[in-house]
Amino acid sequence: MAKQEVQGRADEDVSQIIKTAQMLGVEVDETDVAQWLTSMAAADAMDWDIDLEAGIYGHEITLLDFDKATLERYRRIADIVQLPDLPNVETAISLAGSAAQGVIQRYPGDCDYFERVNITADTREEACQILADLMRDKALDTYEGPNYNLIEVKFGTWKTEVVKAGERHPVGSPISWEAEEVEEGVMHVLRASGEPWEVEWSYGCLDPGWCKMDWVVAEPERGRVVNASNMLDVTWETPEGDIVPLDGFLDPYFQEVYLEAESVPLFTKLSRHVSPEALDDYVQQITGEVDKYTHDPANYGKAAKRLYNIFRLTGRHGAAALIRELFDEPAALLYQVWSLLDTLDDAGRPDSTLDRKTVVRQTDALIRDVVECCEGPMESEIVMALLRLRDDITGWMELGDDRGPLITNSRLKVERLVNEYFQDKLLSIPDARDFIEALGE
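Quick caveat, the model's predicted, so the values are computed rather than measured. Sequence order sets the numbering: in each chain, residues are counted from 1 along the sequence as written. Local features in this predicted model are restricted to residues of pLDDT 70 or higher, and side-chain atom pairs are both shown and tallied only at a pLDDT of 80 or more, whereas totals for entire chains, interfaces and linings draw on every residue. Hydrogens are left out, water is left out, and the side-chain values use all remaining heavy atoms of the structure.

## A word on the pairing of strand β11 (residues 196-200)
- Relative accessibility under 20% of the residue-type maximum defines a buried residue, over 50% an exposed one, and the middle range a partly exposed one, all with a 1.4 Å probe and only protein chains included. Labels follow the DSSP assignment, with helices taken as runs of H or I lasting at least four residues and strands as runs of E lasting at least two, numbered in each case from the N terminus. Burial along β11 is one-sided: Trp197 and Val199 are buried, and none of Pro196, Glu198 and Glu200, which face the opposite way, are.
- The sheet contact formed by strand β10 (residues 186-191) and β11 spans 5 bridges and is antiparallel. What sits directly across from valine 186, in β11, is glutamate 200.
- Counting the residues in the hairpin turn of β10 and β11 gives 4 residues, including glycine 194, whose phi is positive at 95 degrees. Note: two strands are recorded as paired if DSSP finds a minimum of 2 bridges between them.

In structure tokens form, the structure reads like this:
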């Protein structure tokens, strides 16, 4: 009898989801929803698991949303972005963000990687120097190639206020190095007093802070260019075996899919040091981000992604299932268009070594996406902007100083359309609407 009651409640949940989805104008596969709800009910919010056949592992709930058909593609790109293992350096590379949710995120804009880097050294200072050398060596090795260009590296924290290219950077903000500055090993800024200052790469060793590396990667076989980033969570292992995060915080493991099973020993060692309150802290953190992205300037697409993570981790599976379906709709394609406009800007630079044909094919694909998803004057404006960008990439017509404003204006138009879509749908889901409204109380 108890089993029949549980099944009855499950059927009622699916029926309610189907009914709400119909009101939203969203298509739902009833069998898929039922299977997902069953899997979620059986999963533990804190457990991680290994898929021996695929050679991947990660948070049990996160693995349910990973599309294993994309595994080889993401491993190929990981070969470009991941730091190497060394005798005193252990690493574990993973996918994060929408790329790790390929089952539901049919149109991920970027390839976001997350790598745990554990450095064994006698002192913190030595560990920071090893990290500095490791990151710069990686940057120089992958500075440019036929299918990739290094764009930016974040390494270090400003200990004093500076001005760079007219922009003020306060104390405590991360240091962003352009590719050319990493190559030269120095950047030129002004102190707050106006005095010129030549900052050496080693300055980042004082406080590595937020460490991240960005490339633009071309995939000629797919006719695509994509931004590939690798965010580093760096720890120092002391001679006594203590684990010390260099940025003061050991990240939890609730949104990553690790791509190499041989890194399980490192993950196991580090996961023992994750706080018992990690899940609550993570939910609180991304709740703050939902609050941020639902206020002006709003970004309801990013809010939807974070709400999905909150609901699936806190047992509100019905609401999560509905949000899950929003990313499968054609209108969600615009999220990818919005993200890829910046990637096209980087890929289409005159000094880029990327294959021009691939960049042009990506632009053509974006034009098709806009035509498929939009209508009216907004469609015409975005398509005309993309056509001008295409002409600039091919060399038929140079945009010159108009290039930046053209891309910025196009992004704003697409962002507005993405915002309207996700805002309308999210606020029509009772649990999501109540959650967002409660943030303002």
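Now that the structure has been shown, the text picks up again.
## Some details on the confidence of the model for the protein
- pLDDT is defined as a per-residue confidence score from the predictor, taking values between 0 and 100. The pLDDT averaged across the protein works out to 87; a share of 96% of its residues lies at or above 70.
- The contact criterion used is simple: two residues touch if any of their non-hydrogen atoms lie within 4.5 Å. In the model, residues 1-8 has pLDDT below 50 throughout and makes 0 contacts with residues more than four positions away in sequence or in other chains.

## Comments concerning the pairing of strand β3 (residues 89-96)
- Most of β3 is tucked away: 7 of the 8 residues are buried.
- As defined by bridge partners, β3 adjoins strand β4 (residues 111-120) across 8 bridges and the pair is classed as antiparallel. Looking at the pairing, leucine 95 lines up with tyrosine 113 of β4.
- The pairing of β3 with strand β15 (residues 257-258) spans 2 bridges and is classified as antiparallel. Across the sheet, leucine 95 pairs through a bridge with valine 257, a residue of β15.

## Brief notes about the nonpolar core
- Leu307, Phe311, Ile323, Val414, Phe422 and Leu426 are the most contacted members of the largest nonpolar core, which has 87 residues in total.
- If sequence neighbours within four positions are ignored, phenylalanine 311 has contacts with Arg316, His317, Ala319, Ala320, Ile323, Asp431, Ala432 and Phe435.
- Tyr74, Ile80, Tyr148 and Met213 belong to the second-largest nonpolar core, a separate cluster that totals 59 residues. Nonpolar cores are built from buried Ala, Val, Leu, Ile, Met, Phe, Trp, Tyr and Cys residues. Side-chain atoms within 4.5 Å join them into one set.

## Things to note about the pattern of salt bridges
- A pairing counts as a salt bridge when a side-chain nitrogen of Lys or Arg comes within 4 Å of a carboxyl oxygen of Asp or Glu. Applying the stated criterion across every chain yields a total of 19 salt bridges.
- Residues arginine 312 and aspartate 65 are paired through a salt bridge, measuring 2.9 Å at the closest nitrogen-oxygen approach. Here aspartate 65 lies in the loop between α3 (60-63) and α4 (71-81) and arginine 312 lies in helix α9 (residues 300-313), a separation of 247 residues in the sequence.
- Look at arginine 312 and you get buried, because its relative accessible area is 1%.
- Across the pair arginine 168 and glutamate 161 runs a salt bridge, and its minimum N-O distance is 2.6 Å.
- On the basis of relative accessibility, which here comes to 49%, the residue arginine 168 falls in the partly exposed class.
- Relative accessible area serves as the criterion here: at 28%, glutamate 161 is assigned to the partly exposed category.
- The structure contains a network of salt bridges with shared partners spanning Asp32, Asp65, Arg312 and Arg324.

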